[in-house]
Amino acid sequence: QSALTQPRSVSGSPGQSVTISCTGTRSDVGGYDRVSWYQQAPGAAPKLMIYGVNKRPSGVPDRFSGSKSGNTASLTISGLQAEDEADYYCCSHAGRFFVFGTGTTVTV
Amino acid sequence: VQLVQSGAEVRRPGASVILSCKTSGYTFTTYLIHWVRQAPGQGFEWMGLINPNDGGTLYAQHLQGRVTMTKDTPTSTVYMDLESLTFEDTAVYYCLRERSADYWFDPWGQGTQVIVSS
């Protein structure tokens, strides 16, 4: 199972919006609405930001949103803040297994 | 809800390592526990899962035969045994919780560093 493809890095100024793509196949991202996104600060364990493609857990700011089109899922951060600077990983269920994205560093 | 993992390990190539993940704050048997790892500077690799309710397991195909996941219900602890270690097994290993058929993970353990070195 190959890793999902994410851009290595994206950047934006405070208040701007950035979008991170996560491209897979119809065996994973395209086949199920089972994409989640995780934020990993340096030296820390990842934190769930989005699940079920576009659902936000309680406590996650509403400037984080998710979507999917075909084999590509996306995470958008609107109104970028300094505290959003971190690595972001997508993850998709793929039948019986799970596959993660290659990771994207967001720089504010 | 907490997942607290055991401390860092250093092993020689060919050796094995057993990591633990002690859970608390919820009913142990009602959530799956997954293991993933992150090699230095890399993304995450899913390794497998265990169902604490019945001990059922599912492993990533490329780790079949080298990984074993077990549970101890009285202590609400899950174990991951990885054998025949190579340098490529050097990584931070995380345990994660999933409510069955939710397909997302929350929370994650703090991670355990495993270094394979001669």
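Everything below is about the structure printed above this text.
What counts, and where the lines are drawn
- Residues numbered from 1 in each chain as written.
- Chains lettered and ligands numbered in written order.
- Predicted model: local features only at pLDDT ≥ 70, side-chain atom pairs only at ≥ 80, totals over all residues.
- Heavy atoms only, no water.
- Helix = DSSP H or I, 4+ residues; strand = E, 2+ residues; numbered from the N terminus.
- Buried < 20%, exposed > 50% of the residue type's maximum accessible area, 1.4 Å probe, protein only.
- Contact = heavy atoms within 4.5 Å.
- Pairing = 2+ DSSP bridges.
- Axes fitted to C-alpha atoms, helices over the stretch in contact; angles between N-to-C directions.
- Buried area = accessible area lost by both parts, 1.4 Å probe.
- Polar contact = N/O pair within 3.5 Å; in protein donor to acceptor, adjacent residues only side chain to side chain.
- Nonpolar A, V, L, I, M, F, W, Y, C, P; charged D, E, K, R; others polar.
- Phe/Tyr/Trp six-rings, centres within 6.5 Å; stacked < 30°, edge-to-face > 60°.

**Structural notes on the environment of Leu85(B)**
Residue and element names in this part refer to chain B.
Argument step 1. Tracing the backbone shows Leu85 in the loop between strand E8 (77-82) and strand E9 (91-99).
Argument step 2. The class for Leu85 is buried, based on a relative accessible area of 2%.
Argument step 3. Linking Leu85 and Val116, residues 31 residues apart in sequence, is a C-alpha distance of 7.0 Å.
Argument step 4. Discounting residues that sit within four places of it in the chain, Leu85 has contacts with Arg11, Arg12, Pro13, Gly14, Ala15, Ser16, Val17, Arg66 and Val116.

**With respect to the sheet that holds strand E4 (residues 31-38) of chain B**
All names here are of chain B.
Argument step 1. Across the sheet, which stays open at both edges, the six strands sit in the order E2-E10-E9-E4-E5-E6 with mixed pairing between neighbours. At either margin of the open sheet sits one strand with a lone partner, and together these are strand E2 (9-11) and strand E6 (57-59). Strand-to-strand twist in this sheet, taken as the mean axis angle between neighbours without regard to direction, amounts to 25°.
Argument step 2. Looking at chain direction, E2 and strand E10 (residues 112-116) are connected through three bridges and run parallel. Its bridge partner being in E10, Val10 is matched across the sheet by Ile115.

**Thoughts on the interface of chain B and chain A**
Argument step 1. Every contact between the two is made by 20 residues of chain B and, on the other side, 18 residues of chain A.
Argument step 2. Between chain B and chain A, the buried area comes to about 1600 Å², and carbon and sulfur atoms account for 72% of it.
Argument step 3. The largest contributions to the chain B side of the interface with chain A come from Phe44(B), Tyr103(B) and Trp104(B), which together make up 40% of the buried area.
Argument step 4. The interface formed by chain B and chain A contains four residue pairs in polar contact (both at pLDDT 80 or more).
Argument step 5. Every element with two or more residues in the side of chain B that touches chain A is listed here: E4, strand E5 (44-50), E6 and E9 of chain B.
Argument step 6. The greatest single-element share of the side of chain B that touches chain A, amounting to three residues, is contributed by E4(B).
Argument step 7. Of the residues in the side of chain B that touches chain A, the class split is eleven nonpolar, seven polar and two charged.

**Points about the packing of aromatic side chains**
Argument step 1. As enumerated under the stated definition, the model contains 17 aromatic pairs over all chains in all.
Argument step 2. Summarising the aromatic geometry, the rings of Tyr38(A) and Phe105(B) are spaced 6.2 Å apart at their centres and angled 25° between planes, so their arrangement reads as stacked. A residue pair is termed interchain when its members come from two chains, as with Tyr38(A) in strand E3 (residues 35-40) and Phe105(B) in the loop between E9 and E10.
Argument step 3. Under the relative-accessibility criterion, Tyr38(A) is labelled buried at 0%.
Argument step 4. Residue class for Phe105(B) comes out buried when judged on its relative accessible area of 0%.
Argument step 5. Taken together, a centroid distance of 6.2 Å and an interplanar angle of 70° make the contact between Phe100(A) and Trp108(B) edge-to-face. With one member in each of two chains, Phe100(A) in strand E8 (residues 97-100) and Trp108(B) in the loop between E9 and E10 form a pair that bridges those chains.
Argument step 6. Residue Trp108(B) is classed as buried on the basis of its relative accessible area, which comes to 7%.

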